[in-house]
Amino acid sequence: MSRISPGQSRHHTREPVSYPRTSATGGDHAPVWTNCGTYTVAVEQMQAVHSLEHGAVWLSYRPDLPKEQIAELTSLAGSQDYLLLSPVAGQASPVTVTAWGKQLSVDSGSDERLATFIQKYRQGPQTPEPGAVCSGGVQG
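Residues numbered from 1 in each chain as written. Predicted model: local features only at pLDDT ≥ 70, side-chain atom pairs only at ≥ 80, totals over all residues. Heavy atoms only, no water.

A. Here's a closer look at the state of the cysteines. According to the stated counting rule, one finds one disulfide in the structure shown. Through a disulfide, cysteine 36 is tied to cysteine 134; the S-S separation comes to 1.6 Å. Here the disulfide of cysteine 36 and cysteine 134 is right-handed, its torsion about the S-S bond being about 50°. Taken as a pair, cysteine 36 in the loop between strand E1 (2-3) and strand E2 (37-38) and cysteine 134 in the segment after helix H3 (113-121) lie far apart in primary sequence, 98 residues in all. Residue class for cysteine 134 comes out buried when judged on its relative accessible area of 9%. (Disulfide = S-S within 2.5 Å. Helix = DSSP H or I, 4+ residues; strand = E, 2+ residues; numbered from the N terminus. Buried < 20%, exposed > 50% of the residue type's maximum accessible area, 1.4 Å probe, protein only.)

B. Spotlight on the pattern of salt bridges. Per the stated rule, a full pass over the model turns up five salt bridges. Taking the shortest distance from any N to any O, the salt bridge between glutamate 129 and arginine 10 comes out at 3.3 Å. Of this pair, glutamate 129 sits in the segment after H3 while arginine 10 sits in the loop between E1 and E2, and the two are 119 residues apart along the sequence. We classify arginine 10 as partly exposed; its relative accessible area is 38%. Aspartate 111 is the partner of arginine 113 in a salt bridge, and the nearest nitrogen-oxygen pair spans 2.8 Å. According to the relative accessible area criterion, arginine 113 is partly exposed, its value standing at 45%. Linked through salt bridges whose partners overlap, the residues forming this network are Arg10, Glu53 and Glu129. (Salt bridge = Lys/Arg side-chain N within 4 Å of Asp/Glu carboxyl O.)

C. Expanded view of the pairing of strand E5 (residues 95-99). E5 sits mainly inside the fold: five of its five residues count as buried. Residues Val95, Val97 and Ala99 line one face of E5 and the alternating positions Thr96 and Thr98 line the opposite face, and both faces are buried. Of the strand pairs in this sheet, strand E3 (residues 57-61) and E5 are connected by four bridges, and their pairing is antiparallel. Within E5, the residue paired with leucine 59 across the bridge is valine 97. Hairpin connection between E5 and strand E6 (residues 102-106): a loop of two residues separates the two successive antiparallel strands, and glycine 101 in this loop has a positive phi of roughly 75°. (Pairing = 2+ DSSP bridges.)

D. Main features of H3. Residues of H3 that are buried: Leu114, Phe117, Ile118 and Tyr121. Axial view of H3: buried residues confined to an arc of 100°, hence all on one face. Away from its buried face, by an angle of more than 90 degrees, H3 presents the exposed residues Thr116, Gln119 and Lys120. Residues of H3 that are buried sit in contact with E3, helix H2 (67-77), strand E4 (83-87), E5 and E6. Remark: glutamine 123 follows H3 within two positions and exhibits a positive phi of approximately 55°. (Arc of directions from axis to C-beta. Contact = heavy atoms within 4.5 Å.)

E. Structural view of the side chain of serine 108. Positionally, serine 108 belongs in the loop between E6 and H3. Discounting residues that sit within four places of it in the chain, serine 108 has contacts with Gln69, Val95 and Leu114.

Printed below as a string of structure tokens:
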């Protein structure tokens with residue numbers, strides 16, 4: 001698991017942000033967040049980072065991931081609150097799970113560490129704004 005500096009800035013901006021990694025683990029972000037849920041198309045990264053600030057976990061996969069693995073991820077995401085699931089083009093690993101300042105990259109949607117990461121970091125201690133809403137923003 002990558003350990004990211006907890007001192008990431010958290011300013012709201014409408015200007016484009018260049019993140020050092022895809023999927024981003026935090027930093028300056030859009031003033032409006034992405035509603036938590038399952039998406040079959042890419043979400044706007046600056047809005048997803050705002051969701052992370054609210055304690056969401058972003059489960060992302062490369063668009064070319066086999067359909068059966070996408071189905072596994074969809075099942076894992078289920079109806080959990082504070083969770084985003086979406087494809088992310090240009091992501092280094094087939095599957096990545098991200099929370100504010102935390103990230104785990106794996107080769108398969110069936111990797112057992114994904115569920116452990118989600119349980120540990122969804123609304124976890126690293127969350128800058130725990131309990132802030134993950135709805136009422138934008139749909140992807």
